[in-house]
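Overview (structure and organization)
Here is how the chains run, residue by residue.
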Amino acid sequence: GAFMPERAFAYDAGYDLRTPREFLLPPSSDMGDGWQVIDTGVHMMIPPGHVGFLKSKSGLNVNYCITSDGTIDAGYTGSIRVKLYNHGNQWKHFKAGDKISQIVILPIITPDLELVDNLPETDRGDNGFGSTGK
């Protein structure tokens, strides 16, 4: 029952993932925790030196406050499962074949890590959130 991942347009970065089954996603403010894991039934081979990022569909996010996020590493060949979060206040009905997330495949850099006692000083240092002003 899996659907082949597809890009809607030639220049799209993400391949759409669809649900193979019908389901209801409750809001976080209602019964349940407002999330559900959907097994897409899709298996793929991410090339070595790459990663697949699961990203929210913009329409689900903007129109229904539904998000998804995840990482698929190279070497994983199991079924891709998507965790959907409903941050809105309405139940959302999905039918088999509806788009629920997208996977964006990107090259990655995996440098060797080195354990050190101190890091060199920089202009920013350890100044984090909000440190650059408004």
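See the structure above.
The following refers to the structure shown. Since we're looking at a predicted model, the values are computed, not measured.

Definitions and cut-offs
- Residues numbered from 1 in each chain as written.
- Predicted model: local features only at pLDDT ≥ 70, side-chain atom pairs only at ≥ 80, totals over all residues.
- Heavy atoms only, no water.
- Pairing = 2+ DSSP bridges.
- Helix = DSSP H or I, 4+ residues; strand = E, 2+ residues; numbered from the N terminus.
- Axes fitted to C-alpha atoms, helices over the stretch in contact; angles between N-to-C directions.
- Buried < 20%, exposed > 50% of the residue type's maximum accessible area, 1.4 Å probe, protein only.

Before going further, it helps to spend a moment on the sheet that holds strand β6 (residues 81-86). Within the open sheet, the six strands sit side by side as β1-β8-β4-β5-β6-β3. Their pairing is antiparallel. For this open sheet the edge positions go to β1 (14-18) and β3 (35-39), each flanked by a neighbour on one side alone. Neighbouring strand axes in the sheet, compared pairwise and without regard to direction, differ in orientation by 25° on average. Strand direction decides the pairing type here: β3 and β6, joined by five bridges, are antiparallel. Each bridged residue has a counterpart across the sheet, and for valine 37 the counterpart in β6 is lysine 83.

Despite not being glycine, cysteine 65 shows a phi value in the positive range, around 60°. Given the relative accessible area of 36%, cysteine 65 is considered partly exposed.

Of the pairings in the sheet, the one linking strand β4 (residues 50-55) to strand β5 (residues 66-73) comprises five bridges and is antiparallel in character. For phenylalanine 53, the partnering residue across the bridge sits in β5 and is threonine 71. Note that β5 and β6 share three bridges and pair antiparallel. Following the sheet pairing, isoleucine 66 is matched in β6 by asparagine 86.

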